[in-house]
Amino acid sequence: MPTRGFEYRSGLLCCEDVSLEEISSRVGTPAYVYAARSIVENYRAYTRACGAVPHTIHYAVKANGSLGVLALLARHGAGFDIVSGGELFRVLQAGGDPARVVFPGVGKTADEIDYALGAGIAIFNCESEAELELIHERAKRRQMRAPITLRVNPDVSAETHPYIATGLREHKFGIPIGEAEDLYVRAARMENLEIRGVSCHIGSQILDINAFVEALSKILDLIDALRRRGIPIRHLDLGGGLGVGYRPEDETPEIGDYLQALLEKLEGRDLELHLEPGRSIVAQAGILLTTVLYRKQSASKEFIIVDAAMNDLIRPALYKSYHDIIPVRAAGREPVTADIVGPICETGDFFARDRRMPLVEAGELLAVCTAGAYGFALSSNYNARPRAPEVLVEGGSFTVIRDRETYADLIRGERTG
Ligand code: LLP
């Protein structure tokens with residue numbers, strides 16, 4: 001199954017050493033459950049593979065920004081990739097080190113830039129000339145120099161869902177590679193900017209390592225050109241994007257293989273490697289636990305209606321993404337072909353369609369796999385549904401790192417007129 005840290009023990013699905021039945025009896029369902037050791041292992045796979053090459057792994061907060069997850073990674077020395085002032089606030093609340101924070105994003109506001117300058121983040125990855133000018137102006141007011149890279153768009157095509165590909169000329173992200181050199185020269189003349197290096201990010205859920213290598217080659221050519229012009233470049237940020245398997249038959253690229261391919265090209269280049277992985281650290285280490293509410297048969301279809309919905313996990317509705325769905329009790333049973341759907345009043349509220357799976361009855365628990373990345377982070381209160389709790393399991397113990405929202409939470413900050 002496409003999860004890490006989850007396995008059947010005596011026929012019962014467990015997260016590390018805790019059964020999912022025990023978690024459900026404590027926090028109810030729907031609930032997100034994460035395997036802490038797997039998260040740490042994935043992070044370590046990055047740092048281990050970098051070996052002696054100077055590097056920082058900036059975990060992409062957007063994938064799963066829950067305080068408990070951020071604090072876990074901060075304790076193990078991770079840096080962070082943020083895309084908003086709110087994400088910086090979360091990192092700081094979780095004990096993250098601002099000096100290891102990078103800040104990409106096409107629409108940074110003046111307030112966010114001020115907040116990040118004040119906090120002392122490591123680098124702004126700038127995505128346009130206008131943004132560069134704004135960062136320069138805000139840094140000047142503080143009489144300081146803002147550390148920057150330009151986020152370059154290398155114009156490589158990576159095979160992924162069109163909503164999450166970012167590395168082509170037609171995308172809104174970064175500075176087209178052909179224009180980057182001139183902009184660097186202009187940036188070098190701005191007194192309150194300190195050019196540190198180059199960054200890029202070509203997209204997410206990329207399974208073909210060659211796409212990263214192609215982007216890297218183009219970026220290295222740019223770095224050579226910049227160095228020839230006397231612009232010192234030390235910091236190379238290749239973004240995130242390494243994909244994971246979602247289907248049982250999918251292969252997940254090894255983090256070590258991915259890094260080996262990159263490091264081969266970096267040998268002897270005197271560069272510091274920065275990466276911004278999100279999904280590859282948390283996706284497979286998380287599941288969404290849900291209870292079957294009803295079975296329902298129509299003329300031609302079997303529906304399994306569960307208590308989780310698209311407000312909890314929107315990826316199937318938004319990207320038609322596949323998530324494996326498995327029963328918590330693995331008793332041998334008849335297979336069935338069914339749609340697994342939630343209670344929300346939209347036809348798009350489904351987790352799977354025409355899925356072949358073991359027949360489950362009302363009251364049984366199911367795990368929606370590979371939900372640790374962009375699961376809770378994309379959840380909402382649609383249909384006035386309180387958001388699910390999150391549980392972090394570490395070995396034989398677990399912590400509720402976020403309570404289930406209450407009805408009172410649903411109306412916080414609102415007034416009737
Ligand atoms: N760095 C930048 C600048 C990014 O835009 C992203 C993701 C990352 C790093 C982390 O990428 P990762 O390693 O997680 O692939 N909601 C979508 C994914 C959106 C990704 C957006 N950017 C999904 O559920 O598949």
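Quick look at the structure, then. (Residues numbered from 1 in each chain as written. Predicted model: local features only at pLDDT ≥ 70, side-chain atom pairs only at ≥ 80, totals over all residues. Heavy atoms only, no water.)

Tallied over the entire structure, the rule returns 6 aromatic pairs. Taken together, Tyr32, Tyr34 and Phe376 form an aromatic cluster joined through their ring pairs. Stacked on the ring of Phe103, the Lys or Arg Lys108 has its end atom at 5.3 Å from the ring centre. Seen from the ring of Phe350, Arg353 lies directly overhead, with NZ or CZ sitting 4.0 Å from the centre. (Phe/Tyr/Trp six-rings, centres within 6.5 Å; stacked < 30°, edge-to-face > 60°. Lys NZ or Arg CZ within 6 Å of the ring centre and 35° of its normal.)

We now examine the environment of Val391. Take Val391: it is sitting in strand S20 (residues 390-394). The buried category is assigned to Val391, whose relative accessible area is 0%. Considered as a pair, Val391 and Val27 are 364 residues apart in the sequence and their alpha carbons are 8.5 Å apart. Those residues in contact with Val391 that sit more than four places away from it in its chain are Ile23, Val27, Tyr32, Val33, Tyr34, Phe398, Thr399, Val400 and Ile401. (Helix = DSSP H or I, 4+ residues; strand = E, 2+ residues; numbered from the N terminus. Buried < 20%, exposed > 50% of the residue type's maximum accessible area, 1.4 Å probe, protein only. Contact = heavy atoms within 4.5 Å.)

This part takes up the environment of Gly241. As for its position among the elements, Gly241 is in the loop between strand S12 (235-237) and helix H9 (255-266). Between the alpha carbons of Gly241 and Phe212 there is a distance of 8.9 Å; along the sequence they are 29 residues apart.

Looking at the secondary structure, you find His235 in strand S12. A distance of 3.1 Å separates polar atoms of two side chains, one belonging to His235 and the other to His274. If we skip the residues at most four places from it in the chain, His235 touches Ile123, Thr149, Arg196, Gly197, Val198, Glu272 and His274. (Polar contact = N/O pair within 3.5 Å; in protein donor to acceptor, adjacent residues only side chain to side chain.)

The next point concerns the site of the ligand. In the vicinity of the ligand lie 19 residues, with Ser204, Glu276, Arg315, Tyr319 and Tyr374 positioned nearest. A distance of 2.6 Å separates an oxygen atom of the ligand from a polar side-chain atom of Arg315. The side chain of Tyr319 places a nitrogen or oxygen atom 2.7 Å from a nitrogen atom of the ligand. Within the complex, the protein chains bury 91% of what would otherwise be the 590 Å² of accessible surface of the ligand. Considering only residue class, the shell around the ligand consists of 7 nonpolar, 6 polar and 6 charged. Domain assignment of the residues forming the shell around the ligand places at least three in each of domain 1 (6-34 + 283-410) and domain 2 (105-275). (Near = heavy atom within 4 Å. Areas by Shrake-Rupley, 256 points an atom, 1.4 Å probe, with all protein chains shown as cover. Nonpolar A, V, L, I, M, F, W, Y, C, P; charged D, E, K, R; others polar. Domains from an automatic or database assignment.)

Viewed as axis vectors pointing N to C, helix H4 (residues 85-93) and helix H5 (residues 110-119) meet at an angle of 25°, and their least axial separation amounts to 9 Å. Accordingly, the angle class assigned to the pair H4 and H5 is roughly parallel. Our pair here, H4 against H5, has a crossing hand that is left-handed. Judged by residue contacts, Gly85, Leu88, Phe89 and Leu92 of H4 engage Glu112, Tyr115, Ala116 and Ala119 from H5. Classifying every residue of the contact of H4 with H5 gives 6 nonpolar, 1 polar and 1 charged. (Axes fitted to C-alpha atoms, helices over the stretch in contact; angles between N-to-C directions. Parallel < 35°, antiparallel > 145°, perpendicular 65-115°, else oblique. Left-handed = near helix turned anticlockwise from the far one by under 90°.)

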